[in-house]
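Commentary on secondary and tertiary structure
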Amino acid sequence: KFWMSLEFGMAKKYVDDLADNVRRGNRAVLASGRSTGIVPLGYLKEPPVDRTHGRGAGRTIADPERFLLVQDLFQRALTGRYNLSDLHRIARDEMGLRSRGTRRYPAGPIAITTIYDMLSNPFYMGLIRHGGDVFPGGHEPMVTKAEFERIQQSLHRHAQPRPASHTFT
């Protein structure tokens, strides 16, 4: 029992140290303006130049197929003439905007929640949100901070607090 508890303690220490090293590496990547995970629609990750920079450490670049489409969607949202449903219909039917797809899931038409998430994501104004913190990104922003704030106000203008209680007959 003694040796088993010693082995478990050593394994726990190894896992804790590994988690700390991964967090430290992620903070270094984020501080350099690169994203650690999957980048949003309209951007791609450039593969790393060599293996010394690690997996997923490539720069974020504009997607040649989708960047201008997503940017046009942001510009339409800025006009204030379109609601979320209209933007979704335009993106799906007129622009033909589709998801990237993965090995497991093929590319397909984007959902209305994807449009909402895109318009709410600060990544498109040049910031990277990770674990509650915001880091400056090294990628090309689609909109300025002022334009992003205007979109947020138009998106959330119907967000009224719900009443705490209801009066029923």
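First things first, this report covers the structure right here in the doc.

The rules behind the values
- Residues numbered from 1 in each chain as written.
- Predicted model: local features only at pLDDT ≥ 70, side-chain atom pairs only at ≥ 80, totals over all residues.
- Heavy atoms only, no water.
- 1 Å grid on protein atoms, 1.4 Å probe; cavity = no way out; pocket = protein on both sides within 12 Å on 5 of 7 lines; lining within 4 Å.
- Points joined across faces, edges and corners; volume = space filled by probe spheres on them.
- Helix = DSSP H or I, 4+ residues; strand = E, 2+ residues; numbered from the N terminus.
- Nonpolar A, V, L, I, M, F, W, Y, C, P; charged D, E, K, R; others polar.
- Phe/Tyr/Trp six-rings, centres within 6.5 Å; stacked < 30°, edge-to-face > 60°.
- Buried < 20%, exposed > 50% of the residue type's maximum accessible area, 1.4 Å probe, protein only.
- Axes fitted to C-alpha atoms, helices over the stretch in contact; angles between N-to-C directions.
- Left-handed = near helix turned anticlockwise from the far one by under 90°.
- Contact = heavy atoms within 4.5 Å.
- Parallel < 35°, antiparallel > 145°, perpendicular 65-115°, else oblique.

On to the layout of surface pockets, then. A volume near 510 Å³ is recorded for the largest pocket. Elements represented by at least two residues in the lining of the largest pocket include exactly β1 (43-45) and α4 (112-120). When residues of the lining of the largest pocket are assigned to their parent elements, the largest contribution, three residues, is made by β1. Looking at the lining of the largest pocket, its residues break down into 12 nonpolar, four polar and three charged.

Below, the discussion takes up the packing of aromatic side chains. Counted according to the given criterion, the structure contains five aromatic pairs. Consider the rings of Phe2 and Trp3, whose centres lie 5.5 Å apart with planes at 70 degrees: the pair is edge-to-face. Owing to a relative accessible area of 56%, Phe2 belongs among the exposed residues under this scheme. On the basis of relative accessible area, Trp3 is assigned to the exposed category, the value being 61%. Relative to Phe67, the ring of Tyr43 has its centre 5.6 Å away and its plane inclined at 80 degrees; by these criteria the two rings are edge-to-face. With Tyr43 in strand β1 and Phe67 in helix α2 (residues 67-79), this pair connects stretches of sequence that are 24 residues apart. Each member of the aromatic cluster is reached from another via a ring pair, and the members are Tyr43, Phe67, Phe74, Phe123 and Tyr124.

What follows concerns the packing of α2 against helix α3 (residues 84-95). For the pair α2 and α3, interaxial distance at closest approach is 11 Å and the crossing angle is 145 degrees. Here the hand of the crossing between α2 and α3 comes out right-handed. Contact residues: α2 offers Leu69, Asp72, Leu73, Arg76 and Ala77, while α3 offers Leu87, Ile90, Ala91, Glu94 and Met95. Residues that form the contact of α2 with α3 fall into these classes: seven nonpolar, no polar and three charged.

Turning our attention to the packing of α3 against α4. Contact geometry of α3 with α4 gives a least axis separation of 9 Å together with a crossing angle of 110 degrees. The orientation of α3 with respect to α4, classified from their angle, is roughly perpendicular. For the pair formed by α3 and α4, the contact residues are Leu84, Ser85, Leu87, His88 and Ala91 on the first element and Ile112, Ile115, Tyr116 and Leu119 on the second.

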